[in-house]
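A look at the structure
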Amino acid sequence: MDREKSTGDCGPEAGPDKLPLIRMENISKSFTTNGTTVSVLDSLWVDIHEGETIAIVGESGIGKTTFLHVLGTLERPDKGRVSLAGADVTAMKNAELASFRNHFLGFVFQFHYLLPEFSTLENVMMPGLIAGMKRVEIKDAAESILMRMGLKERLANRVVDLSGGEQQRVALARAIVMRPKILLADEPTGNLDQKNSSQVHEFLAELNREFDMTMVVVTHNPRLADYMERKMTIENKRLVEVG
Ligand SMILES: Nc1ncnc2c1ncn2[C@@H]1O[C@H](COP(=O)(O)OP(=O)(O)OP(=O)(O)O)[C@@H](O)[C@H]1O
Ligand SMILES: [Mg+2]
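Let me sum up the structure you'll find in this document. (Residues numbered from 1 in each chain as written. Chains lettered and ligands numbered in written order. Predicted model: local features only at pLDDT ≥ 70, side-chain atom pairs only at ≥ 80, totals over all residues. Heavy atoms only, no water.)

A few points about the sheet that holds strand 7 (residues 182-186)
This is how the line gets drawn: Pairing between two strands requires that DSSP report at least two bridges joining them. Segments assigned H or I by DSSP are reported as helices when at least four residues long, segments assigned E as strands when at least two residues long, and all are numbered from the N terminus. Angles run from 0 to 180 degrees between N-to-C directions of axes, and those axes are lines fitted to C-alpha atoms, restricted for helices to the stretch in contact. The contact criterion used is simple: two residues touch if any of their non-hydrogen atoms lie within 4.5 Å.
Strands sit in the order 6-7-8-3-9-10 across an open sheet of 6 strands; the sheet is mixed. The open sheet is flanked by strand 6 (105-108) and strand 10 (238-241), the only strands paired with a single partner. Strand-to-strand twist across the sheet, computed as the mean angle between neighbouring axes with direction ignored, equals 20°. Bridge count between strand 3 (residues 53-57) and strand 8 (residues 214-218): 4 bridges; the pairing is parallel. Bridge pairing links Ile56 to Val218 in strand 8. Sheet strands touched by helix 2 (residues 94-104): strand 6 and strand 7. Its angle to strand 6, the strand with the most contacts, is close to 80°. Against the sheet, helix 5 (residues 164-176) engages strand 6 and strand 7, with an angle of about 170° to strand 6.

Here it is as structure tokens:
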């Protein structure tokens, strides 16, 4: 993506030129299972500006998914503050958060969580139906995205009958159907062959260009990581720039 590289401000003392779209301040997150506590993120800071594209890379278990979930308001941090478009989402109640998420954030999960008994089209229409949009409007939007993703012939199929790669594309379509300002994706090309991965890369680049969509993408795929402007990893439970 051809936008000028950001200066990579990533710390409490960074002086942003304009308020960042995403600001995470002093985030810590741990999990306690059977009396044992694992600290995953600790004193993590990051600023991400509108329109930036970021790849999060690194080995299994370093906290990439946890980071994405805290950023995307799916997990609450133990400490610290997450601000999205100036709104302190850590202070929001669950009901308010759910609505905020539905309009503002698109997710592609590591395990895609499609609704197996529903059709491809219904799965992609779901966020709009939940938001109370008119059925015909959301149907048009869902169809046009699915056609762009090469799934025109699969609209009426139940998603359980689709291949793994097709399901992954449906999950991406569902994530962007509401035109979120921020797309968070966890291994969006994990099950795809090279041809289909390239198609997803192109599509993400187009979304960034057309809608200035900000993207944070966890990936083990070096080609996809190269499509993103900034590359980051988690070291000592904090987010750091790579390279
Ligand atoms: N809900 C949870 N309960 C307990 N431990 C958890 C939970 N979620 C994550 N962890 C632990 O936190 C650590 C980081 O997990 P995370 O899923 O964020 O890693 P990751 O970098 O996404 O790994 P991968 O590349 O394998 O997906 C791991 O040790 C994991 O076991
Ligand atoms: Mg993960």
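There is more to say after this.
Looking at helix 5
How we decide: Expected span of a helix, by definition, is 1.5 Å for each gap between consecutive residues, and there is one gap fewer than residues. Relative accessibility under 20% of the residue-type maximum defines a buried residue, over 50% an exposed one, and the middle range a partly exposed one, all with a 1.4 Å probe and only protein chains included.
Spanning 13 residues, helix 5 covers 19 Å between terminal C-alpha atoms, matching the ideal 18 Å at 1.5 Å per step. Within helix 5, 12 of the 13 residues are buried, which leaves it mostly tucked inside the rest of the structure. Listed as buried for helix 5 are Gly165, Glu166, Gln167, Gln168, Arg169, Val170, Ala171, Leu172, Ala173, Arg174, Ala175 and Ile176. Contacts made by the buried residues of helix 5 are with strand 6, helix 3 (120-130), helix 4 (135-148), strand 7 and helix 6 (194-211).

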